[in-house]
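Listed here are the chains, written in short residue letters.
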Amino acid sequence: MSTETVKFEPEYAQPLLQEIMDRSGQNLLACYQCRRCAAGCPVSDEAGVTPDRLIRMIVFGQKEEALKNFLVWRCVACYTCGERCPNNIQTARITETLKQISKKANLEPLVPKVAAFHDSFLKSATNNGRLSEMEFMILLLKKIKNAGGWSAVIAEMKSQSKLGKALYKKKRIHFGSEKVKNLSEIKKLVKKAEAFS
Ligand code: SF4
Ligand code: SF4
């Protein structure tokens, strides 16, 4: 853990903190650094940052550190941290907000494949009101091709084929796409969220 001393400057820290609280709907000021979230996060070792540390960076206005860390890109939104938090702080909503801020600012994502996955997922879910697995895969593979050519597409398909077969056997992958009944409601919600960002 870093022993670097960070000076708290409220005027400097406040705008970032307020923006993230508004957009994520989480009260970061309720965090008292008990670290119960850190003990349960399945990606914290790999990410090198735990949910409590991320919250502390934001509270202290460390914008660059908050945006450029692997927890933002490797958080799997399992919500374990929120389940364990005595103050009901859902870090998954905070990492999602930070992803959106990064994208809006055109910052290079630390894990481009996660950014491509995220874009493709949102696009397909917005088009149908729910995820269409086939559309999602096509969108994702297109992005992979644009970034690394056909060899990257073939490598990706090879690396995911075992998982794909297992999901198909369990009927978790469908070939058709089905739209929800009130798709216009979903589109309105997405528009509203985009206007907010
Ligand atoms: S469990 Fe909640 S209060 Fe405790 S450090 Fe994590 S976010 Fe903060
Ligand atoms: S939601 Fe994200 S930050 Fe929270 S425990 Fe899961 S992976 Fe870790």
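On a predicted model such as this, the values are computed, not experimentally measured, just so you know.

## Quick notes on the site of ligand 1
Lining the immediate environment of ligand 1, one finds 13 residues, of which Cys 31, Cys 34, Arg 35, Cys 37 and Cys 85 sit closest. Put simply, the parts of the chain that give the shell around ligand 1 at least two residues each are helix H2 (36-40) and helix H4 (51-59). Per-class residue counts for the shell around ligand 1 are 8 nonpolar, 2 polar and 3 charged.

## Comments concerning the domain arrangement of the chain
Annotation of the chain at the domain level lists domain 1 (10-104) and domain 2 (112-196). At the interface, 7 residues of domain 1 touch 6 residues of domain 2. Note on domain 1 versus domain 2: buried area summed over both sides is about 580 Å², and carbon and sulfur give 60% of it. Considering only the side of domain 1, the residues that lose the most area to domain 2 are Arg 23, Trp 73 and Lys 103, jointly responsible for 64% of the buried surface there. At the junction of domain 1 with domain 2, the criterion picks out 1 salt bridge. A salt bridge links Lys 103 to Asp 119; the shortest N-O distance between them is 2.5 Å. Contributing elements (two or more residues each) for the side of domain 1 that touches domain 2: helix H1 (10-24) and helix H8 (91-104).

## Digging into H1
Under the 1.5 Å per step criterion, the end-to-end length of H1 is 20 Å for 15 residues, consistent within 8% with the ideal 21 Å. Looking at H1, one finds that the buried residues are Ala 13, Leu 16, Leu 17, Ile 20, Met 21, Arg 23 and Ser 24. Gly 25 occupies a position one or two residues after H1 and carries a positive phi of about 75°.

What counts, and where the lines are drawn
- Residues numbered from 1 in each chain as written.
- Chains lettered and ligands numbered in written order.
- Predicted model: local features only at pLDDT ≥ 70, side-chain atom pairs only at ≥ 80, totals over all residues.
- Heavy atoms only, no water.
- Near = heavy atom within 4 Å.
- Helix = DSSP H or I, 4+ residues; strand = E, 2+ residues; numbered from the N terminus.
- Nonpolar A, V, L, I, M, F, W, Y, C, P; charged D, E, K, R; others polar.
- Domains from an automatic or database assignment.
- Contact = heavy atoms within 4.5 Å.
- Buried area = accessible area lost by both parts, 1.4 Å probe.
- Salt bridge = Lys/Arg side-chain N within 4 Å of Asp/Glu carboxyl O.
- Expected span 1.5 Å × (residues − 1).
- Buried < 20%, exposed > 50% of the residue type's maximum accessible area, 1.4 Å probe, protein only.

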